[in-house]
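The residues making up each chain are set out below.
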Amino acid sequence: MAAATTAENKKKVEVFDTEEDLAVSLAKYTADLSDKFSKERGAFSVVLSGGSLIKSLRKLLEPPYIDRIEWSKWHVFWVDERVVPKDHEDSNYKLAYDGFLSKIPILPGNVYAINDALSAEGAADDYETCLKHLININVVDLSAASGFPKFDLMLLGMGPDGHVASLFPGHPLLKENEKWVTFIKDSPKPPPERITFTFPVINSSAYIALVVAGAGKAGAVQTALKEGQNSDKLPVQEVSPEGELTWFLDKGAASKL
Ligand SMILES: O=C1O[C@H](COP(=O)(O)O)[C@@H](O)[C@H](O)[C@H]1O
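Fair warning: this is a prediction, and the values are worked out from it, not measured in the lab.

The rules we used
- Residues numbered from 1 in each chain as written.
- Predicted model: local features only at pLDDT ≥ 70, side-chain atom pairs only at ≥ 80, totals over all residues.
- Heavy atoms only, no water.
- Core = buried A, V, L, I, M, F, W, Y, C linked by side-chain atoms within 4.5 Å.
- Buried < 20%, exposed > 50% of the residue type's maximum accessible area, 1.4 Å probe, protein only.
- Helix = DSSP H or I, 4+ residues; strand = E, 2+ residues; numbered from the N terminus.
- Contact = heavy atoms within 4.5 Å.
- pLDDT = per-residue confidence, 0-100.
- Pairing = 2+ DSSP bridges.
- Axes fitted to C-alpha atoms, helices over the stretch in contact; angles between N-to-C directions.
- Near = heavy atom within 4 Å.
- Polar contact = N/O pair within 3.5 Å; in protein donor to acceptor, adjacent residues only side chain to side chain.
- Areas by Shrake-Rupley, 256 points an atom, 1.4 Å probe, with all protein chains shown as cover.

Topic: the nonpolar core
- In this structure, Phe 197 and Trp 247 are the most contacted members of the largest nonpolar core, which totals 85 residues.
- With seven residues, the single largest contributor to this core is helix α1 (residues 19–41).
- If we skip the residues at most four places from it in the chain, Trp 247 touches Lys 11, Lys 12, Val 13, Glu 14, Leu 210, Val 212, Val 221, Ala 224, Leu 225 and Val 236.

Pasting the structure below:
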C-alpha cells in the first residue's frame, strides 16, 4: 500500500495492491470512526452510496468488526437513491440491505430509506424534512460553518465518468447551493429519476471516503488527482469536505497516476 497526504485541505490518497486489501483497510477506517463518534456524540451518522461501494464494506461483516462495533449507535442514510420501489433491483436501499444492512444488528428505526411512495420531488422534500428532524434531536450534526447537515462519515463511490451521488458531469444540479436534497429526472445513467444530496451537504461532512476500484475508473481518477487546474471539472473534483477526505484506490483505479 502506498499513501500520500497533500497539504490541500486534509486530503489523503491510499493505493492498495488489490480490492481485497482496500476492503480490509476501509473496514478498519470505518470501525475507528464508529468508535470515535459513538463515544463523542453517542451516535454515528453514516451515509452510503450505491454501486460497488457496498461490496467493499464486506470486511465489516467479519470479526473483529462485526462483534466490536456498537451497531446500535449507527444511523444510516443514502447520498443518493433511485426513485423506484425499495424491492426493485435498481434500488440503492435494496443493494445495501441485501449486501450489508441485513447482516448487521442495526436498529431498523435507524435506517433512513427514502419514501418510495412519493414522486422524485416529494421524496427529496420528505428526506430533507427527515434530516431537519434528526438535526433537532441531535442524531445528525449541523455544520456551524455552512449551516448544512454535517454527517460523521460519507462513503462515496464514483462512476467511470467521475460522477458522485447522482451528480453527473455538466448537469445543472452540480451548482445547487441551497437545497439539502434535490432530484433529477434526466439521469444519464439509468434509472432516470433519482434523489441526491447536494454538494453543500456532501462537503459539510466530517469525513469522506472516496472508494474507487478497477481500471475502468483510472481516467477519472487521473483527472481528479493530477496536478493543476482543468476548466471542466468532474463532479468528483467538487468533493472537498470541511473535514478529511481519504481516497481508497486499488491498483487498477490508480494505474494512470
Ligand atoms: O448510480 C450510481 O453510481 C455511483 C457509482 O457506482 P459504481 O457501481 O460505479 O461504484 C454510485 O456511487 C451511486 O450511489 C449510484 O446511484
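Once you've had a look at it, read on.
So, the confidence of the model for the protein
- Confidence in the prediction of the protein, expressed as mean pLDDT, is 95, and 95% of residues score 70 or more.
- Taken together, the chains of this predicted complex give a pTM of 0.96 and an interface ipTM of 0.99.

Quick notes on the sheet that holds strand β5 (residues 80–82)
- Spatially, the three strands line up as an open sheet ordered β5-β10-β9, and their pairing is antiparallel. The sheet terminates laterally at β5 and β9 (181–184), the two strands that pair on one side only. Strand-to-strand, the axes of this sheet are offset by a mean angle of 20°, without reference to chain direction.
- Bridge count for β5 against strand β10 (residues 194–197) is three bridges, and the pairing is antiparallel. Bridge pairing links Glu 81 to Ile 195 in β10.
- Contacts from helix α4 (residues 120–136) reach β9 and β10, with the element oriented near 165° to β9.

Describing the site of the ligand
- Lining the immediate surroundings of the ligand are 15 residues, of which Gly 50, Ser 52, Asp 80, Lys 189 and Lys 217 lie closest.
- The separation between an oxygen atom of the ligand and a polar side-chain atom of Asn 92 is 3.2 Å.
- Lys 189 places a polar side-chain atom, nitrogen or oxygen, 2.8 Å from an oxygen atom of the ligand.
- Notes on the ligand: free accessible area 390 Å², of which the protein chains cover 92%.

Some remarks on the side chain of His 163
- Relative to the helices and strands, His 163 is located in the loop between β8 (153–156) and β9.
- Given the relative accessible area of 7%, His 163 is considered buried.
- Within the local environment of His 163, its side chain forms a polar contact with the side chain of Asp 161, the two groups lying 2.7 Å apart.

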